[in-house]
Amino acid sequence: MDEKEKVFGDNQIPENEPDNEKDSFEEKDGVKYETNDNWEFEAEAPTLNDDMFAMTDYLLSKSGQEGSNDSQENMGEYISAEQIVEKKPKKNMKLVKIITLSVFAVIIVAIATVFTVRWFTVPNGKEGKMMNPASVVATIDGEKISLGMYNLYFSSVVSQYEQYANYGYYNLDTTADYATQYTTDEDGNEISWLDFFQQETINQIKMYSAFYNAAKNEGITLTEKQQETIDTQLDGLKESASEQGKALDDYISSVFGDYCTAETVQLYMEQFYMSVNYRGKFAVETTVTDDEISKYFEENKSKYYQINMSYLACEYDSSSDEAKAASEQKIKDYMSQITDRQSILDLVPTAYADYIAQDTQTAMQYDSSLTEEDARKQALESYEQNVDGVIYGSDSPFSDEITDWLFDANQPTGTVKYYINEETGYAYIILKTEQATCVEDETYTVRHILIMPETERLDAEKDENGNTIFNEEEWAAAKTKTEEIYKQFTDGDKSEYSFALLAEEHSTDTASTSAGSGTAFGGLYEGVPLGQMVPSFEGWATDKSRQYGDTEIVKSDYGYHIMFFISDRPSYQSQIVADIRNEKLDELIENAELDIHESVVKKANDKFLADKKAAQSQSAE
């Protein structure tokens, strides 16, 4: 696992005072300069050049002649400044002082000018109030966003898309210039991948900054576990830096981008967790009524319908007009043969021939006992099982035209259309097999605090799934701990938010708390379909007598669950509740005042491209 994965987790996205602050500076001529300075800028700082010093000597020598009783002959050789001061009549001392102070002032002004230029043109890698103008990429609601923070987010965004591109999800050449490759933004406009990465970076920074600022305004703080996680991550970075013989900030900037420091990484993680906490509290306090659900459904019906369909995917080559024509002819040939689901199954061996051959060889490499015939049969069955799909109106992967056709009740079943995604390099031939229906499957929403038994026995047995088999004493200890936490809740205000905070503090289920890699908070499981949870958990949650706020301790094979009931609704209604809440959160982001410093962003992007090109050249050598 590389350092980006350590900090960002499985996702993507998302800092104490640096221990080596003194190491970030180098002293020259009594002035401390930053050593981590690879920034380029157009301005040229004025310097104290030889001509300036020559003029100073000239003025001092000339001042000795003015008002002197000595003749030119008596002056002899060149007289130094010190000698002039000694020989001058007392009445001329004021003039010398004035000239000396003038020279001193010139030096001070020159030095001040140098540092003023640096202040406005060279980032300093600091965060907060210590940032200089050259370090500010943007301001969000008046809060400054540092160049280091931008580079950290940017490197995370690029890394994520590069990973998916390597898996074939995006038509992105990771070895070529991102400024000369193009994709489409969320509005369908064609933009370069570099501009796309910039947009994604700014969007993420704006979102987390808006939530972070809102959290601070409401007095929300980090939990003890979150602070421990941050400290652990920073300790890991310090250890890695030490292993490589680098100062901490130098190591961090080499991993996450220029001017990214320990302060930056710490602030990023604080913003991430504070955002999670804010959204968690917002979810608790944002009540959605039945009337709101009904109104929203009537206004957005198509979003909450689903449709089953069958499809065939084939590669689409858009590299040239000839290649496009050949790909489209192949699509038409397949479409002419599709009349029902079985006809799609009949085309699988031909349409997926190359993939089936590859999977056959791979299977035989992993399992030498497999014959080629058996391996091919397995591969074929795998592709046959994937000809069916479910499309939800709120999350269709197709264009609006194809989605509208699928969900239009006036369009008969058995009709076929195709959709081309040039970005992924695939075309999808779609068979409409039924009409759309509303998603009314039963779902429930609960919070829980899981307390699992613990053991220190080195010889503890394992079950067939590798899980530890706990003894009665260990189960009893877990039960006692659960009852203590439950009493802590019932002795308090018994609110959902209090329960959520206890889940953050005590639950061992990291998938439903901020201890995981996602944005979950407070032990929440929202809109859970039937059959996903263990029987005792689901049985309690789906009891028709349940009312909001009901709590109870439930035991399962995993441990003891302190349950908190929220709702039991049809699937589409659970989704509507989440959508209404998310729209309100989106308003907070949209209303955040954003001011981007385009010149700083451009320099950051140019530097990224230059570094990428240099790294590729070095790798080629």
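Residues numbered from 1 in each chain as written. Predicted model: local features only at pLDDT ≥ 70, side-chain atom pairs only at ≥ 80, totals over all residues. Heavy atoms only, no water.

**Brief notes about the packing of helix α14 (residues 353-366) against helix α15 (residues 372-384)**
Two measures define how a pair of helices packs: the angle their axes make with one another and the distance between the axes. Where α14 meets α15, the closest approach of the two axes is 8 Å, and the angle between their N-to-C directions is 130°. Here α14 lies oblique to α15, going by the angle between them. Helix-helix and strand crossings are classified by hand; for α14 and α15 the assignment is right-handed. Between α14 and α15, the contacting residues are Tyr355, Ile356, Asp359, Thr360, Gln361, Ala363 and Met364 on the first element and Glu372, Ala375, Arg376, Ala379, Leu380 and Tyr383 on the second. Tallied by class, residues from the contact of α14 with α15 come to eight nonpolar, two polar and three charged. (Axes fitted to C-alpha atoms, helices over the stretch in contact; angles between N-to-C directions. Helix = DSSP H or I, 4+ residues; strand = E, 2+ residues; numbered from the N terminus. Parallel < 35°, antiparallel > 145°, perpendicular 65-115°, else oblique. Left-handed = near helix turned anticlockwise from the far one by under 90°. Contact = heavy atoms within 4.5 Å. Nonpolar A, V, L, I, M, F, W, Y, C, P; charged D, E, K, R; others polar.)

**Notes on the sheet that holds strand β12 (residues 442-451)**
Across the sheet, four strands lie side by side as β13-β12-β15-β14; this open sheet has antiparallel pairing. Because the sheet does not close on itself, it has two edges, and the strands there are β13 (524-529) and β14 (551-556). Taken over all neighbouring pairs, the strand axes of this sheet differ in orientation by 40° on average, direction set aside. Across four bridges, the pairing between β12 and β13 is antiparallel. Within β13, the residue paired with Tyr444 across the bridge is Val528. With respect to the sheet, helix α18 (residues 496-506) is in contact with β12 and β15 (559-570), its orientation differing from that of β12 by roughly 50°. The sheet contacts of helix α20 (residues 571-591) involve β12, β13 and β15, and relative to β15 the element is tilted by about 95°. (Pairing = 2+ DSSP bridges.)

**Let's talk about the pairing of strand β8 (residues 388-392)**
Taking every second residue as pointing to the same face, the buried face of β8 carries Gly389 and Ile391, while none of Asp388, Val390 and Tyr392 on the other face is buried. As paired elements, strand β7 (residues 305-315) and β8 share five bridges and run antiparallel to each other. By the bridge assignment for β8, Gln306 is matched with Tyr392. (Buried < 20%, exposed > 50% of the residue type's maximum accessible area, 1.4 Å probe, protein only.)

**Points about the sheet that holds strand β16 (residues 594-596)**
Reading across the sheet, the three strands line up as β4-β3-β16 and stay open at both edges, with antiparallel pairing between neighbours. Since the sheet does not close on itself, it has two edges, and those belong to β4 (143-146) and β16, each with one partner. In this sheet, adjacent strand axes meet at a mean angle of 20° when their direction is disregarded. With four bridges connecting them, strand β3 (residues 136-140) and β4 associate as antiparallel partners. Across the sheet, Val136 pairs through a bridge with Ser146, a residue of β4. Taken strand by strand, helix α6 (residues 147-166) contacts β3 and β4, and its axis lies near 60° from that of β4.

**Quick look at the packing of α6 against helix α7 (residues 193-217)**
Contact pair α6 / α7: the axes reach a minimum separation of 9 Å and the direction vectors enclose 120°. Relative to α7, α6 is oriented oblique. The handedness of the crossing between α6 and α7 is right-handed. Between α6 and α7, the residues in contact are Met149, Tyr150, Tyr153, Phe154, Val157, Val158 and Tyr161 and Trp193, Leu194, Phe196, Phe197, Gln198, Glu200, Thr201, Ile202, Gln204, Ile205 and Tyr208, respectively. Classifying every residue of the contact of α6 with α7 gives 14 nonpolar, three polar and one charged.

**A look at the packing of aromatic side chains**
A complete count under the given rule lists 37 aromatic pairs for this structure. Look at Tyr278 and Phe282: their rings are 6.1 Å apart centre to centre, the planes differ by 35°, and that puts the pair in the tilted class. Of this pair, Tyr278 and Phe282 both sit in helix α10 (residues 262-285), four residues apart, which is roughly one turn of the helix. Geometrically, the ring pair formed by Phe489 and Phe564 is edge-to-face, given 6.3 Å between the ring centres and 80° between the ring planes. On the criterion of sequence distance, the pair formed by Phe489 in helix α17 (residues 472-490) and Phe564 in strand β15 is long-range, its members being 75 residues apart. In this pair, the class of Phe489 matches that of Phe564, namely buried. (Phe/Tyr/Trp six-rings, centres within 6.5 Å; stacked < 30°, edge-to-face > 60°.)

**Overview of a nonpolar patch on the surface**
Together, Tyr164, Tyr167 and Tyr169 make up an exposed nonpolar region whose accessible area comes to about 400 Å². With respect to the helices, strands and loops of the structure, Tyr167 is situated in the loop between α6 and β5 (182-184). Relative accessible area serves as the criterion here: at 63%, Tyr167 is assigned to the exposed category. (Patch = residues over 30% accessible without salt bridge, like charges linked within 9 Å, V, L, I, M, F, W, Y side chains within 5 Å. Areas by Shrake-Rupley, 256 points an atom, 1.4 Å probe, with all protein chains shown as cover. Salt bridge = Lys/Arg side-chain N within 4 Å of Asp/Glu carboxyl O.)

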